[in-house]
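Report on the structure
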Amino acid sequence: MADIAESSHSTFPAGFLWGCATSAYQIEGSPLADGAGVSNWHRFVHTPGRVRDGDTGDVACDHYRRWREDVALMRTLGMRAYRFSIAWNRVLPEGRGRVNPEGLAFYDRLVDALLENGIQPMVTLHHWDLPAALDDRGGWLNPDIVDWFVDYARVMFRKLDDRVGLWTTINEPWVVSDGGYLHGVLAPGHRSQFEPPIAAHHLLRAHGAAVQAYRADGRNNIGIVVNLEPKYPASQGADDLAATRRADAYMNRQFLDPVFLGRYPEEMHEVFGDAWPVWPDEDMAQIRQAIDFVGVNYYTRSVVRHDPRRWPQRVSGAPQKHATHTETGWEVYPQGLTDVLKWVSARYGRPPIYITENGAAFYDPPTASDGRIEDPLRVAYLRAHLRAVHAAARQGVDLRGYFVWSLLDNFEWAHGYSKRFGIVHVDYATQQRTPKDSARFYAKVIATHGAALGVTA
Ligand code: BGC
């Protein structure tokens, strides 16, 4: 494309993995096919009023039936890696006990097809869709879920670890606890003051226990995926600075401090007050397992103001009037990605990092007469963020790869199909896939190992 500055000097690390990401419930469809159990998300979307326009994942991108086509598409775009998640309820319909061979076979075939096409799989064990039978027993609030998760993880390790080199345990535990148990906007839809820290703790324990199990059963690499949003104070006033520390503790350090340092941030008690439990030391030791990498999902930053009316954090976001915002209302702030990567690296001892998600929902204009879908805002977003990744790598962050969110337009949770994050357009009426300009741009970045970004040493 003419607007991309060319450079022969890419300083992306050798072996840096270029890929794209999706998750099971957002793309697969056929939620009950081949003996799958019901998931909490299936139940949630079929509860009136939960999802915009009553949208469901019943068909989604029909990937469960079109996976061959989607793997071929990735190959055409030159993807070197693909991050996808397993629907726990396909593999263990009741969440524990009986394994459903047909559910397992779906992911087995997918992994084989990826490898045949030169695409490395990165498997997420839990990307929010939980077997409903486990939700009935308390879901992430029941401490027994740690054992249920480990049993499920073991089934997957034993089946796929001979071919899967990169595993992640939990996708974005903060979103599960905040969206699912505090605000009730995501499954299971609870609104509680007391449940979020409990859910978060069991998510982290499940992560730690699965890593322990992996050390016995697996031979490759395992990590966790967190969504990080760097917090910047709206002013240098003491209230705003304290609010910024609380916001950072709640969203970012609540998860990475236990994983890397074996403790929760001090501010957590300040955030939750009486609702903040005291956890036993052995739980903290279980969470703090050596991991092979950390996955960072980055979309935006937040500029934080003290706001006593907003429980539990007592913060609100200060509007950035002159910035570009995406369709989800998120400020476009590429510098935040460099900042947050440097912060993770400095605070947690320079762990290997994959950017496991980064991307943007924008309104895509109708297909042009030549069949192209022009999405210049998404191209600009990706270019700027990839340059920000490169800047972090140049400043010493141990970066191993980047996965764009998302390969396809898909089911954007409570927003239904109203927000499009794909670099490939999906016509939901016909299921036709059309690569947008951003897909062509990213394909060129991959083919040149980043040189097409115009970054130089
Ligand atoms: C999630 C994705 C989601 C994306 C955009 C992340 O929080 O992992 O499932 O679609 O952000 O909202």
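Preceding this section is the structure that the text describes.
Now for a description of the structure that goes with this document. (Residues numbered from 1 in each chain as written. Predicted model: local features only at pLDDT ≥ 70, side-chain atom pairs only at ≥ 80, totals over all residues. Heavy atoms only, no water.)

1. Brief notes about the environment of Leu256
Among the structural elements, Leu256 can be located in helix 10 (residues 238-261). A C-alpha to C-alpha distance of 26 Å links Leu256 and Gly329, two positions 73 residues apart in sequence. Leu256 has contacts with Val226, Leu228, Leu261, Val294, Trp343, Val344 and Tyr348, leaving out every residue within four places of it along the chain. (Helix = DSSP H or I, 4+ residues; strand = E, 2+ residues; numbered from the N terminus. Contact = heavy atoms within 4.5 Å.)

2. Structural notes on the pattern of salt bridges
Under the counting rule described, the total for this entry stands at 32 salt bridges. Between Asp162 and Arg163 there is a salt bridge; the shortest N-O distance is 3.0 Å. Measuring nitrogen to oxygen at the nearest pair gives 3.9 Å for the salt bridge that ties Asp283 to Arg205. Residue Asp283 is located in helix 12 (residues 281-287), and its partner Arg205 is located in helix 9 (residues 195-217); the two are separated by 78 residues in the primary sequence. In this pair, the class of Asp283 matches that of Arg205, namely buried. Overlapping salt bridges, with partners in common, bring together Asp62, Arg65, Arg66, Glu69, Asp70 and Arg433 in one network. (Salt bridge = Lys/Arg side-chain N within 4 Å of Asp/Glu carboxyl O. Buried < 20%, exposed > 50% of the residue type's maximum accessible area, 1.4 Å probe, protein only.)

3. A short note on the packing of helix 8 (residues 173-182) against helix 10
Relative to each other, helix 8 and helix 10 sit at 125°, their axes nearing to 9 Å. In terms of axis orientation, helix 8 runs oblique to helix 10. The chirality of how helix 8 crosses helix 10 is right-handed. Facing helix 8, whose interface residues are Pro173, Trp174, Ser177, Asp178 and Leu182, helix 10 presents Tyr250, Met251, Gln254 and Phe255. Along the lines of polarity and charge, the residues of the contact of helix 8 with helix 10 split into six nonpolar, two polar and one charged. (Axes fitted to C-alpha atoms, helices over the stretch in contact; angles between N-to-C directions. Parallel < 35°, antiparallel > 145°, perpendicular 65-115°, else oblique. Left-handed = near helix turned anticlockwise from the far one by under 90°. Nonpolar A, V, L, I, M, F, W, Y, C, P; charged D, E, K, R; others polar.)

4. Details of the side chain of Thr244
Along the chain, Thr244 falls in helix 10. Taking the relative accessible area as the measure of exposure, Thr244 reaches 8% and is therefore buried.

5. Overview of the pairing of strand 4 (residues 166-171)
Of all six residues making up strand 4, six are buried, and the element is well covered by its neighbours. Here strand 3 (residues 120-126) runs beside strand 4; their pairing, made up of four bridges, is parallel. For Met122, the partnering residue across the bridge sits in strand 4 and is Leu166. Bridging between strand 4 and strand 5 (residues 221-227) involves four bridges; their strand directions are parallel. (Pairing = 2+ DSSP bridges.)

6. Notes on the sheet that holds strand 1 (residues 17-21)
Reading around the circumference, 1-2-3-4-5-7-10-11 is the order of the eight strands in this closed barrel, with parallel pairing throughout. Along the sheet, successive strands turn relative to each other by an average axial angle of 25°, direction set aside. Bridge count for strand 5 against strand 7 (residues 293-297) is five bridges, and the pairing is parallel. Each residue of the ladder has a partner; that of Val226, found in strand 7, is Val296. Sheet strands touched by helix 13 (residues 335-347): strand 7, strand 10 (353-357) and strand 11 (399-405). Its angle to strand 10, the strand with the most contacts, is close to 140°. Taken strand by strand, helix 14 (residues 376-394) contacts strand 1, strand 10 and strand 11, and its axis lies near 165° from that of strand 11.

7. Focus on helix 8
Counting buried positions along helix 8 yields 10 of 10 residues, so the element is predominantly enclosed. All of the buried residues in helix 8 are Pro173, Trp174, Val175, Val176, Ser177, Asp178, Gly179, Gly180, Tyr181 and Leu182. Lining the buried residues of helix 8 we find helix 6 (132-135), strand 4, helix 9, strand 5 and helix 10.

8. Let's talk about the packing of aromatic side chains
For the structure shown, the criterion picks out 40 aromatic pairs. Centroid distance Trp41 to Phe44: 5.0 Å. Interplanar angle 70°. Geometry classified as edge-to-face. On the criterion of helical spacing, the pair formed by Trp41 and Phe44 is a turn pair, its members being three residues apart in helix 2 (residues 40-45). Given the relative accessible area of 4%, Phe44 is considered buried. Ring plane angle 75° and centroid distance 5.9 Å describe the contact between Phe272 and Trp311, whose orientation is recorded as edge-to-face. With Phe272 in helix 11 (residues 267-272) and Trp311 in the loop between strand 8 (302-306) and strand 9 (315-317), this residue pair connects regions lying 39 residues apart in the sequence. (Phe/Tyr/Trp six-rings, centres within 6.5 Å; stacked < 30°, edge-to-face > 60°.)

9. Let's talk about the environment of Arg191
Here Arg191 shows up in the loop between helix 8 and helix 9. Between the C-alpha atom of Arg191 and that of Gln335, which follows or precedes it by 144 residues, the distance is 34 Å. Among residues more than four places away in sequence, those in contact with Arg191 are Tyr181, Leu182, His183 and Gly184.

10. Thoughts on helix 15 (residues 437-447)
Residues spaced three or four apart along an α-helix point in a common direction, a consequence of the helix completing one turn every 3.6 residues. For helix 15, the buried fraction is high: eight of the 11 residues fall into the buried class. Along helix 15, the residues classified as buried are Asp437, Ser438, Ala439, Phe441, Tyr442, Ala443, Val445 and Ile446. In this fold, the buried residues of helix 15 make contact with strand 1, helix 3 (63-77), helix 14, strand 11, strand 12 (424-427) and strand 13 (432-435). Looking one or two residues beyond helix 15, the residue adopting positive phi is His449, at roughly 50°.

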